[in-house]
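# An overview of the molecular structure
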Amino acid sequence: MQASNQPYYWTTPTQQHMDQNLYLGDVSQGSHFSDQTPELANNSSSSVSFSSDGSPISLQDSYSFQPDPYHSPDYTYTSHVSTAGFEANVDDLQLRLSEIQTILDTDQDFAESFDVSSWAETGLDNIHPVNNQYRIMKQIIAKGDLKEGLFACAKAVAENDTVTAEWLISMLRPLVSVSGEPVQRLGAYMLEGLVARMSSSGSFIYKALKCKEPTGGELFSYMLLLYEACPYFKFGYLSANGAIAEAIKNEDKVHIIDFQIAQGGQWVTLIQALAARPGGPPKLRITGIDDARNSFARGGGLNIVGQRLSKLAELCKVPFEFHAVAVSGSDIELHHFKVQPGEALVVNCAFVLHHVPDESVNPQNHRDRLLRLIKSLSPKVVTLVEQEANVNTAKFFHRFQEVFSCYLAMFESIDAALERDHKERINIEQHCLAGEIVNILACEGVEREERHELLGKWRSRFTMAGFTPYPLSSYVNGTIKTLLEKYCDKYRLVERDGALFLGWMNRDLVSSCAWN
């Protein structure tokens, strides 16, 4: 692209708007607010407002922004629950956990996979430790077909075949390792999810146990490494910001409602871009919605986000106002938005709507209710970024298969970016991904917070709420393609039916689209 053909919001803000003491951005919201990455902090040269690395102008950070617990769960899992029974007692549970920590301590490589066609002839339904199927399964697992072993175990769990499931778990434990191949590492957390589900302890573990909760600074460093290693978040926030910038390019008063403001870092590049707009920036107001769970990672309430963004807006000479709404998405009502006449309204829903329960969980169906509420505000544009996975209402066994496919791609992508012996890789996967996996597999009802849907389902929901697709700018597509050039060539970008899909090899992982 020629610079002369680019609209203002893809150009570099003038240096007079910048301050060497501002933050770099936010790990969980598209940029990094940290001084923990020397190669970034020491780079004082400016970059494009929506640069292909997903970060704003390279400025040293005097503010430490923490990651978003939605993408880095508070609870991590380094132990296992016995399937012999479960009592909701922390001391008893911790004793059980200490007795069977095999998974995370095992570091045994498993053998090459092999043909398991013999399963088809005999079936899995009759596997039992006292018959011939037991011996067949023992031989299969001994040869190391971890994927099929996990699927067989999940099938037994789904069918309440406790004897088979317990035996398979004991046979699979030596095959998984948090320091092994991607499938071994994923298998460790999936096996843990199965154990928790069998003992009906999933929600208890997810909410009550903190086997080794990292400090805010540690959690931030893990998210920073994941953010830099894989382009998933950058892709989502960059595409959303591009659609927003296109929609408000001629507006004088702009109101952005962010349904998961977290650290607010997504808006750093937008504020900088608005500062460079011909004719001057618009008056910008941001309503930041977030529930109390993010306060741990943020180090305090939403006022911290407002202060930091206000500081940036002042330095960029952008008229700015911040409105904090500390409630969950399910509790949002019309009066929270404080919409004012004459302002162009933008609604940002990035990696958040899958946490809002639908009709399968709550008769009020907050997921669709929220979309109808947003539509009633007549926004200029609504951005949607979500993980591309079908785990919301899917039956358990299908959900297990979907988790395996989706997260194996993520673990493989991490492997392509970080050396196997990287000292923080285990922490990245354990603290940023394992909690999601366990929650999807072990929890049900209101306790299951991770409820991803495919874009086709989101499209139906938005259409029923009265929305129409808003095409993404070609500048966004081009910039994201440039972004991906810096990563492994196994990543792929596909534009389909008005949406963008970021995938790893043949698996779609994140989708991004816009509506009005």
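Below you will find a few notes about this structure. (Residues numbered from 1 in each chain as written. Predicted model: local features only at pLDDT ≥ 70, side-chain atom pairs only at ≥ 80, totals over all residues. Heavy atoms only, no water.)

Looking only at helices and strands, one finds 20 helices and eight strands in the protein. When each of the 516 residues of the protein is scored for burial, the buried share is 60%. Put simply, 80% of the contacts in the protein that link residues at least 6 apart link residues at least 24 apart. (Helix = DSSP H or I, 4+ residues; strand = E, 2+ residues; numbered from the N terminus. Buried < 20%, exposed > 50% of the residue type's maximum accessible area, 1.4 Å probe, protein only. Contact = heavy atoms within 4.5 Å.)

What follows deals with the pattern of salt bridges. The full count for this structure, using the stated rule, is 22 salt bridges. One salt bridge connects lysine 234 with glutamate 228, and the closest N-O pair in it is separated by 3.5 Å. Residue arginine 399 is joined to glutamate 444 by a salt bridge in which the shortest nitrogen-to-oxygen separation is 2.9 Å. Residue arginine 399 is located in helix H16 (residues 396–417), and its partner glutamate 444 is located in the loop between helix H18 (434–442) and helix H19 (455–464); the two are separated by 45 residues in the primary sequence. Classification of arginine 399 as buried rests on a relative accessible area of 3%. Among the charged side chains, a salt-bridge network with shared partners connects Glu181, Arg185, Asp415, Arg420, Arg425 and Glu429. (Salt bridge = Lys/Arg side-chain N within 4 Å of Asp/Glu carboxyl O.)

With that settled, consider unusual backbone geometry. In this structure, phenylalanine 351 takes a positive phi of about 55 degrees despite not being glycine. For phenylalanine 351, the location among the structural elements is in the loop between strand S4 (344–350) and helix H15 (366–376). The residue methionine 505 is not glycine, and still its phi comes out positive at about 55 degrees. Within the fold, methionine 505 resides in the loop between strand S7 (499–504) and strand S8 (507–515).

Below, the discussion takes up the pairing of strand S1 (residues 253–258). Here S1 lies mainly inside the structure; five of its six residues are buried. With six bridges joining them, S1 and strand S2 (residues 283–289) adopt parallel strand pairing. What sits directly across from valine 254, in S2, is leucine 284. Between S1 and its parallel partner S2, the chain crosses via helix H12 (residues 266–275), and the hand of that crossover is right-handed. (Pairing = 2+ DSSP bridges. Right-handed = clockwise from strand over helix to strand, strands pointing away.)

As a further point, take the nonpolar core. Core analysis: the biggest nonpolar cluster contains 103 residues, and Tyr232, Ile271, Leu284, Ile286, Phe400, Tyr407 and Ile437 have the highest contact counts within it. Examining the composition of this core, we find that 11 residues originate from one element, H16, more than from any other. With sequence-adjacent residues up to four places away left out, isoleucine 437 is seen in contact with Leu186, Tyr189, Met190, Val403, Tyr407 and Phe411. Listed in part, the 28 residues of the second largest apolar core include Ile289, Phe337, Trp458 and Cys513. (Core = buried A, V, L, I, M, F, W, Y, C linked by side-chain atoms within 4.5 Å.)

Before going further, it helps to spend a moment on the sheet that holds S7. Sheet strands pair via backbone hydrogen bonds, and the direction of the pair is either parallel or antiparallel. The eight strands lie next to each other as S3-S2-S1-S4-S5-S8-S7-S6, forming an open sheet whose pairing is mixed. The open sheet has two edge strands with one neighbour each: strand S3 (320–325) and strand S6 (491–496). Direction aside, the axes of adjacent strands within the sheet are offset by 15 degrees on average. As judged from the five bridges shared by S7 and S8, these two strands associate in the antiparallel manner. Considered in S8, the bridge of tryptophan 504 is made with arginine 507. Contacts from helix H20 (residues 474–484) reach S6 and S7, with the element oriented near 165 degrees to S6. (Axes fitted to C-alpha atoms, helices over the stretch in contact; angles between N-to-C directions.)

Looking now at the packing of aromatic side chains. This structure, assessed with the given rule, holds 14 aromatic pairs. It is lysine 375 that lies over the ring of phenylalanine 467; its NZ or CZ is 5.2 Å from the centre. Directly above the aromatic system of phenylalanine 501 lies the positively charged group of arginine 496, at a separation of 3.9 Å from the ring centroid. (Phe/Tyr/Trp six-rings, centres within 6.5 Å; stacked < 30°, edge-to-face > 60°. Lys NZ or Arg CZ within 6 Å of the ring centre and 35° of its normal.)

Checked against the element boundaries, glutamine 263 lands in the loop between S1 and H12. Along the backbone, glutamine 263 and valine 305 are 42 residues apart, and their C-alpha atoms lie at a distance of 5.9 Å.

So, about the pairing of S6. As defined by bridge partners, S6 adjoins S7 across six bridges and the pair is classed as antiparallel. Each bridged residue has a counterpart across the sheet, and for leucine 493 the counterpart in S7 is leucine 502. In this structure, the hairpin formed by S6 and S7 is closed by a connection of two residues, where aspartate 497 is found at a positive phi of approximately 55 degrees.

When H20 is considered as a whole, its buried residues turn out to be Val476, Asn477, Thr479, Ile480, Leu483 and Leu484. Against helix H11 (232–247), S6 and S7 lie the buried residues of H20. Capping the start of H20, serine 473 holds a side-chain oxygen 3.1 Å from the backbone nitrogen of tyrosine 475, two or three residues further along. (Polar contact = N/O pair within 3.5 Å; in protein donor to acceptor, adjacent residues only side chain to side chain.)

The N-to-C vectors of helix H8 (residues 182–198) and H18 enclose an angle of 35 degrees; their axes lie 8 Å apart at closest approach. Between H8 and H18 the crossing geometry is right-handed. Contact residues: Leu186, Tyr189, Met190, Gly193, Ala196 and Arg197 in H8; Ala434, Ile437, Val438, Leu441 and Ala442 in H18. Class assignment of the residues belonging to the contact of H8 with H18 gives a composition of nine nonpolar, one polar and one charged. (Left-handed = near helix turned anticlockwise from the far one by under 90°. Nonpolar A, V, L, I, M, F, W, Y, C, P; charged D, E, K, R; others polar.)

For the rest of this paragraph, the subject is empty space enclosed by the protein. Under the defined criterion, the tally for this structure stands at five cavities of 30 Å³ or more. The computed volume of the largest cavity comes to approximately 230 Å³. Around the largest cavity, the lining is made up of 18 residues, and of these Tyr232, Phe233, Gln387, Met410 and Leu433 lie nearest the centre. Among the secondary structure elements, those contributing two or more residues to the lining of the largest cavity are helix H10 (216–229), H11 and H16. Ranked by the residues each element gives to the lining of the largest cavity, the list is headed by H16, at three residues. Mapping the lining of the largest cavity onto the domain boundaries places at least three of its residues in each of domain 1 (128–212 + 395–448) and domain 2 (218–388 + 452–515). (1 Å grid on protein atoms, 1.4 Å probe; cavity = no way out; pocket = protein on both sides within 12 Å on 5 of 7 lines; lining within 4 Å. Points joined across faces, edges and corners; volume = space filled by probe spheres on them. Domains from an automatic or database assignment.)

In this section: the environment of serine 177. Inspection of the secondary structure assignment puts serine 177 in the loop between helix H7 (162–172) and H8. With a relative accessible area of 0%, serine 177 lands in the buried category. Of the polar contacts made by the side chain of serine 177, one reaches the side chain of serine 179; its length is 3.1 Å.

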